[in-house]
Amino acid sequence: MIDYSKIESTLAPPEASSMIETFRAIGYSIETAIADLIDNSITANAQNIWIDYEWNGPSTILSVTDDGVGMNNEELIQAMKPGSTSPLDVRKEHDLGRFGLGLKTASFSQCRKFAVLSLKEHYHPVYWCWDLDYVKHQKSWSLIKYCPSTENYLEKLKETKHGTTVVWWDIDRLTSNTRADSDQSKSQFLEIMEIVKKHLAMVFHRFIDEGLKIFFRDRKINAWDPFMIGSEGLQSKPESILENGKVRIKGFVLPHRSKLSVEQYLYGKGPQDSWTAHQGFYVYRNKRLLVSGDWLGMFKKEVHYDLCRVRIDLTNDLDEEWQIDIRKSVARPPAKLKETILSIAKDARMQALEVYRHKGKVVKRKLTKNEYFPFWEERTRHGKRFYRLNRNHPLIKELKKTQDTDTSRLEQLLQFIEETVPVPLITLQESEDEKPHGQPFEGRGHDAIITTMSAMYDNLRKEGRTEEQAKALIINIEPFNFYPEYIEHLK
Ligand SMILES: Nc1ncnc2c1ncn2[C@@H]1O[C@H](COP(=O)(O)OP(=O)(O)O)[C@@H](O)[C@H]1O
Ligand SMILES: [Mg+2]
């Protein structure tokens, strides 16, 4: 043991403003930053949370108010300290906090100035402000008693009798280089606010379902439930309970698209507007969503697993094991659980794949042996691989028919396309890029699919095939096989 009493020492406190600049670089987005404030409100027992903002260019102000227990002066000053609580402290079971940093890092990540006003029962309302410019000027960790429109905010807190408001201004990350009177800046800002709203609807969906009200400029946010619980055709696996109940895992297979209404289908696309983006694990810490649709490095996202979403519930004392980061947007399962999680996920994915393909199968089963018509075929020429457009594909055959007598120009074009397919580029991207590969016509209008499909159907019917035969042929033609739901509705 070192006897510290005999050793000379000197203070080396951090330089306040450069420390704050470091906070600013942690990498929050505005939606994750606001979510971090809401965590604090929920931990403080809030029933209602109000997010307000008024676009005013660089002078835009944003506030988050809650009706939680609030803080007195001493508690507020403690709360404003970076590292107000140690990550090593044992947290109450329902506490959503961790490092004692969120309020400060989340706020400074977006703005240069923020104030916290709070009212606790039996105490006077209090407020303090961190102003990066003042800290820089003073070269010290000093709060100032300042907030724009203090009276208005305090008025609102008095109405709810207790609660806390966080006010951000000089929100440079979002509003510097904008003009209050620019329509373009304003609509960009409003678009970002829309992203924030969708993010909150997702991250806090279980709290909202249990009665928490989050108002976004006075409009209540509706929850977005990734598992679409209650929808017809939803399948779920039994929950696996691990680590004495500290970790719970449940796989869900969402209903096939043909079982969903258009509204439900769009709902399922979630904040990221894509089923593929939203497949994967959903990791919750105390019902608060940390990871939303990510296979945690175990699998790639692929369109045929679109219906698979796996819920993982964690208690709040596993942060270190699961490597939860300051922003609460990353979680990594500990090595000892990887095998188990992998096998649970594989099981759910298999089932999701079945459902995804099921619809096609139903139509296919009705039919005897129909030939399958891919668009592309693999061929070898002088020991090298090439890709050839299938001249027997009904759409190509048809086009050739319509070319009167001379089909040589069309044939030429097909050959040029075949000879220039950027295969090396595609292979390279496939192996390097984490982005999932889309299916044909994914994310663009389906008009081309629907019209060519119905034209083909009409022809087949004219040629004397029954409805069933015609449909059975079409389901075997690429890319129609990806869209069995349209085939079902052919008339
Ligand atoms: N909205 C709020 N209502 C009541 N107390 C709050 C609120 N926001 C923050 N606090 C207090 O400030 C402390 C620090 O918050 P924060 O910096 O987010 O760290 P953490 O959430 O990890 O504790 C919290 O532990 C809490 O005591
Ligand atoms: Mg916090």
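Predicted, not measured: the structure shown is a model, and the values here were computed from it.

Rules of the game
- Residues numbered from 1 in each chain as written.
- Chains lettered and ligands numbered in written order.
- Predicted model: local features only at pLDDT ≥ 70, side-chain atom pairs only at ≥ 80, totals over all residues.
- Heavy atoms only, no water.
- Domains from an automatic or database assignment.
- Phe/Tyr/Trp six-rings, centres within 6.5 Å; stacked < 30°, edge-to-face > 60°.
- Buried < 20%, exposed > 50% of the residue type's maximum accessible area, 1.4 Å probe, protein only.
- Lys NZ or Arg CZ within 6 Å of the ring centre and 35° of its normal.
- Helix = DSSP H or I, 4+ residues; strand = E, 2+ residues; numbered from the N terminus.
- Expected span 1.5 Å × (residues − 1).
- Axes fitted to C-alpha atoms, helices over the stretch in contact; angles between N-to-C directions.
- Parallel < 35°, antiparallel > 145°, perpendicular 65-115°, else oblique.
- Left-handed = near helix turned anticlockwise from the far one by under 90°.
- Contact = heavy atoms within 4.5 Å.
- Nonpolar A, V, L, I, M, F, W, Y, C, P; charged D, E, K, R; others polar.
- Pairing = 2+ DSSP bridges.
- Arc of directions from axis to C-beta.
- Polar contact = N/O pair within 3.5 Å; in protein donor to acceptor, adjacent residues only side chain to side chain.
- pLDDT = per-residue confidence, 0-100.
- Near = heavy atom within 4 Å.

(A) The domain arrangement of the chain, seen in detail. Domain boundaries assigned for the chain yield domain 1 (16-220), domain 2 (235-362) and domain 3 (376-438 + 446-488). The centre of domain 1, based on its C-alpha atoms, is set 54 Å off from the matching centre of domain 3.

(B) Quick look at the packing of aromatic side chains. Following the criterion strictly, the structure yields 15 aromatic pairs and no others. On the numbers, 5.1 Å between centres and 80° between planes, the contact of Phe108 with Phe114 is edge-to-face. Each member of the pair, Phe108 as well as Phe114, is classed as buried. Pairing Phe204 with Phe207 gives two aromatic rings, centres 6.2 Å apart and planes at 55°, and the pair type is tilted. Its relative accessible area of 13% is what places Phe207 among the buried residues. By way of ring pairs, the aromatic residues Tyr53, Trp55, Phe189 and Phe216 are connected into one cluster. The ring of Tyr265 has Arg257 lying over it, and the distance from NZ or CZ to the ring centre is 4.2 Å. Residue placement shows Arg349 over the ring face of Trp295; its charged tip is 4.9 Å from the ring centre.

(C) How the structure looks around helix H2 (residues 30-43). With 14 residues, H2 extends 20 Å from end C-alpha to end C-alpha; this agrees with the ideal 20 Å at 1.5 Å per step. Within H2, twelve of the 14 residues are buried, which leaves it mostly tucked inside the rest of the structure. Those residues of H2 lying buried are Ile30, Glu31, Thr32, Ala33, Ile34, Ala35, Asp36, Leu37, Ile38, Asp39, Ser41 and Ile42. Asn45 lies just past H2 and shows a positive phi near 70°.

(D) Fine view of the environment of Ile7. In this structure, Ile7 sits in the segment before helix H1 (16-24). Overall, the relative accessible area of 49% leaves Ile7 in the partly exposed class. In this structure the C-alpha to C-alpha distance between Ile7 and Ile42, which are 35 residues apart in sequence, comes to 46 Å.

(E) Highlighting the packing of H2 against helix H8 (residues 183-203). Here H2 crosses H8 at 45°, and the two axes come no closer than 9 Å. On the basis of their axis angle, the class for H2 and H8 is oblique. You can see that H2 and H8 cross each other, and the crossing is right-handed. Contacts between H2 and H8 involve Ile30, Glu31, Thr32, Ile34, Ala35 and Ile38 on the former and, on the latter, Ile192, Met193, Ile195, Val196, His199 and Leu200. Class assignment of the residues belonging to the contact of H2 with H8 gives a composition of nine nonpolar, two polar and one charged.

(F) Expanded view of unusual backbone geometry. Note the cis peptide between Glu478 and Pro479, where omega equals 0°. Along the chain, Pro479 falls in the loop between helix H16 (467-474) and helix H17 (484-488). The phi dihedral of Lys161 falls on the positive side, at around 75°, and the residue is not glycine. Here Lys161 is to be found in the loop between helix H6 (150-160) and strand S5 (163-169). Judged by relative accessible area, which is 57%, Lys161 ranks as exposed.

(G) Examining the pairing of strand S14 (residues 376-381) more closely. By the bridge criterion, six bridges tie S14 to strand S15 (residues 384-389) in an arrangement that is antiparallel. Across the sheet, the residue bridging to Glu377 is Arg388, located in S15. In sequence, S14 turns back onto S15 through a hairpin of two residues, with His382 there showing a positive phi of about 50°.

(H) Seen up close, helix H3 (residues 73-80). Residues Leu76, Ala79 and Met80 constitute the buried set of H3. For H3, the buried positions fall inside an angular range of 100° around the axis, keeping them on one side. Close packing links the buried residues of H3 with helix H4 (102-110), strand S3 (113-119) and strand S4 (126-131). Between the side-chain oxygen of the N-cap and the backbone nitrogen of Glu74 there are 3.2 Å, and the N-cap of H3 in question is Asn72.

(I) Summary view of the side chain of His256. Along the chain, His256 turns up in the loop between strand S10 (247-253) and helix H10 (262-268). At 2.8 Å, the side chain of His256 forms a polar contact with the side chain of Ser258.

(J) Just the environment of Asn45, in detail. As for its placement among the helices and strands, Asn45 is situated in the loop between H2 and strand S1 (48-54). Linking Asn45 and Asp225, residues 180 residues apart in sequence, is a C-alpha distance of 22 Å.

(K) Here's a closer look at the confidence of the model for the chain. Chain-level pLDDT for the chain is 90 on average; 95% of the residues reach the 70-or-more range. Under a pLDDT of 50 for its full length, residues 360-368 has, in the predicted model, 13 contacts with residues more than four places off or in other chains.

(L) Representation of the site of ligand 1 within the structure. In the vicinity of ligand 1 lie 18 residues, with Asn40, Asp66, Arg98, Gly100 and Lys104 positioned nearest. In the model, a nitrogen atom of ligand 1 is placed 2.8 Å from a nitrogen or oxygen of the Asp66 side chain. Taking Gly100, its main chain carries an N or O atom lying 2.8 Å from an oxygen atom of ligand 1. Contributing elements (two or more residues each) for the shell around ligand 1: H2 and H4. Taken together, the residues of the shell around ligand 1 break down into six nonpolar, eight polar and four charged.

(M) Highlighting the pairing of S3. Counting buried positions along S3 gives seven out of seven residues, so the element sits mostly inside the fold. By the alternation rule, side chains of S3 split into Lys113, Ala115, Leu117 and Leu119 and Phe114, Val116 and Ser118, which are all buried. Relative to S4, S3 runs antiparallel, the two sharing six bridges. Paired with Phe114 across the two strands is Trp130, which belongs to S4. Taking the residues between adjacent antiparallel strands as the criterion, S3 and S4 are bridged by six residues, where His122 takes a positive phi near 70°. Relative to S5, S3 runs antiparallel, the two sharing seven bridges.

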